[in-house]
Amino acid sequence: MENWINDIENIEFESHGPVRRLLKTVVINPLINYIPAGITKGLLKLTKSELAHANWNDPGGWRSMVISYEGNPGQIADKLLVTGGSVPTALRNRKRLGATVLTKLIEESDSDDAHILCLGAGPGITIIEALKRANGAAHATLVDISNDAFEYGQQLADSEGVGHKVRYILGDVRNIDDLLHEPPDIVTMIGICEYLTDEQIIEIIVAAASVMPAGASIVFNSISKRHGTDRFFRRVFGLHMNHRSPEELQVLMSEAGFMNFTAIPEPLGVYHMIVGRRKA
Ligand SMILES: C[S@@+](CC[C@H](N)C(=O)[O-])C[C@H]1O[C@@H](n2cnc3c(N)ncnc32)[C@H](O)[C@@H]1O
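Quick caveat: nothing in here was measured; it's all calculated off a predicted structure. (Residues numbered from 1 in each chain as written. Predicted model: local features only at pLDDT ≥ 70, side-chain atom pairs only at ≥ 80, totals over all residues.)

Trainee: An account of the packing of helix 5 (residues 62-70) against helix 7 (residues 86-108) is requested, with residue identities and associated values reported.
Mentor: Direction vectors running N to C along helix 5 and helix 7 enclose 85 degrees, while the axes themselves pass 8 Å from each other. Between helix 5 and helix 7, the crossing angle belongs to the class labelled roughly perpendicular. Two secondary-structure elements touch here, helix 5 through M65, S68 and Y69 and helix 7 through P88, L91, R92 and K95. Class assignment for the residues of the contact of helix 5 with helix 7 results in 4 nonpolar, 1 polar and 2 charged. (Axes fitted to C-alpha atoms, helices over the stretch in contact; angles between N-to-C directions. Helix = DSSP H or I, 4+ residues; strand = E, 2+ residues; numbered from the N terminus. Parallel < 35°, antiparallel > 145°, perpendicular 65-115°, else oblique. Contact = placed C-beta atoms within 7 Å. Nonpolar A, V, L, I, M, F, W, Y, C, P; charged D, E, K, R; others polar.)

Trainee: Could you give me a rundown of the site of the ligand, with the residues and numbers involved?
Mentor: Around the ligand, the structure places 20 residues, and the nearest of them are G120, G122, I145, V173 and G191. Among the secondary structure elements, those contributing two or more residues to the shell around the ligand are helix 5, helix 8 (125-133) and strand 2 (138-144). Classifying every residue of the shell around the ligand gives 10 nonpolar, 7 polar and 3 charged. (Near = placed C-beta within 6 Å.)

Trainee: Describe in detail unusual backbone geometry, supporting the description with residues and values.
Mentor: Located in the positive-phi region is K48, a residue other than glycine, with phi close to 55 degrees. For K48, the position within the fold is in the loop between helix 3 (37-46) and helix 4 (50-57). Using a count of 13 C-beta atoms within 10 Å as the deciding quantity, one classes K48 as partly exposed. One non-glycine residue with positive phi stands out, namely N260, at about 50 degrees. Relative to the helices and strands, N260 is located in strand 6 (residues 258-265). Taking the number of C-beta atoms within 10 Å as the measure of exposure, N260 has 13 and is therefore partly exposed. (Buried ≥ 20, exposed ≤ 12 C-beta atoms within 10 Å, placed from the backbone.)

Trainee: I'd love a proper account of the packing of helix 11 (residues 198-209) against helix 13 (residues 246-255), names of residues and values included.
Mentor: Helix 13 packs onto helix 11 with a crossing angle of 45 degrees between their chain directions and a minimal axis gap of 9 Å. One finds that helix 11 runs oblique with respect to helix 13. Considering the relative orientation of helix 11 and helix 13, their crossing is right-handed. Touching D198, I201, I202 and I205 of helix 11 are L252, M253 and E255, all from helix 13. Of the residues assigned to the contact of helix 11 with helix 13, the class counts are 5 nonpolar, no polar and 2 charged. (Left-handed = near helix turned anticlockwise from the far one by under 90°.)

Trainee: So, helix 8: which residues are in play, and what are the values?
Mentor: Across the 9 residues that make up helix 8, a large majority, 7, are buried. Within helix 8, burial applies to I125, T126, I127, I128, E129, A130 and L131.

Trainee: Can you lay out the environment of G163 for me, pointing to particular residues and giving the numbers?
Mentor: Relative to the helices and strands, G163 is located in the loop between helix 9 (150-159) and strand 3 (166-170). Looking at G163, the number of C-beta atoms within 10 Å reads 15, which means it is partly exposed. Note: C-alpha distance between G163 and T262 (99 residues apart in sequence) is 31 Å. With near-sequence residues (within four places) excluded, G163 lies in contact with Q154, A157 and D158.

Trainee: Outline the nonpolar core, supporting the account with residue identities and numerical values.
Mentor: Among the nonpolar cores identified, the biggest contains 63 residues, and L102, I116, C118, L119, V187 and V219 are the most heavily contacted of them. Here the element with the most residues in this core is helix 7; it accounts for 9 residues. Every residue in contact with V187, bar those within four places of it in the chain, is listed here: L117, L119, A208, M212, A216 and I218. Counting 11 residues, the second largest nonpolar core, distinct from the first, contains A54, I67, L81 and F232. (Core = buried A, V, L, I, M, F, W, Y, C linked by C-beta atoms within 7 Å.)

Trainee: Give a detailed account of the pairing of strand 4 (residues 186-189), specifying residues and quantitative values.
Mentor: Neither face of strand 4 is exposed, since I186 and T188 on one face and V187 and M189 on the opposite face are all buried. With 3 bridges connecting them, strand 1 (residues 114-119) and strand 4 associate as parallel partners. Looking at strand 4, one finds that L117 is bridged to V187. Across 4 bridges, the pairing between strand 4 and strand 5 (residues 217-223) is parallel. Note that in strand 5 the partner of T188 across the bridge is V219. Of the crossover connections in this fold, the one passing from strand 4 over helix 11 to the parallel strand 5 is right-handed. (Pairing = 2+ DSSP bridges. Right-handed = clockwise from strand over helix to strand, strands pointing away.)

Next up, the structure:
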């Protein structure tokens, strides 16, 4: 993994300067955390915030991820939240970091046609980017409990020239051993652990481990409270995220059969992307 350092250093991350960080800590975060939730919700409804509606309809769902990833919403409230908010900015960094890590794993795979299994995939934006960039054959199976995102994902993959490399499966990832007939070389759990309890993560990881050969990679992310807006997300968006350190997640993953972890932070320190290997 040492030879990845250049690729990671060359990622065009977004970061916040010292003045903005100070303003957020002293003024903006306390304001958005402590203004009565009814007032903030009213303002978001009045300004027709797509991000707020996406979260109210499906807290932590794929649509709100896509709005943050794209980073160019139409509504004024969304512009402020998506371009200035720490979580949306860190999400775009996570996508860039995830795509680079997956590209490297595909290129380092011993397989002639690496198989990537994406759990809780949504439309699969990060893996589509990696499939487009990787030098080396690869294909992905994308599993989600809801098929809402599949049409959007397939169209995106088609437009990026990798439509023939993705296959969407509707299903609960806890039953992955029943859904899958081809062992994966790489498994991803991006943007999902923060919405699950420890017990649910272990259930999913044990199921994933059962279809993975020894040495296969798993890629997942942690989230820390460094964004400073957990109270806002819980009260206004109805989003209850479970914040865990990379070490806490690694303990769960090792209980379920993984080892040799490497954790890479994005510059805001909100997310770490973590790679582990299936034990023999
Ligand atoms: C926040 S989205 C993340 C989507 C994508 N991985 C990304 O990073 O943009 C979480 C996704 O996990 C899916 N999900 C949650 N629990 C699941 C389960 N038990 N089985 C399959 N998918 C699940 C949701 O439907 C949702 O699309």
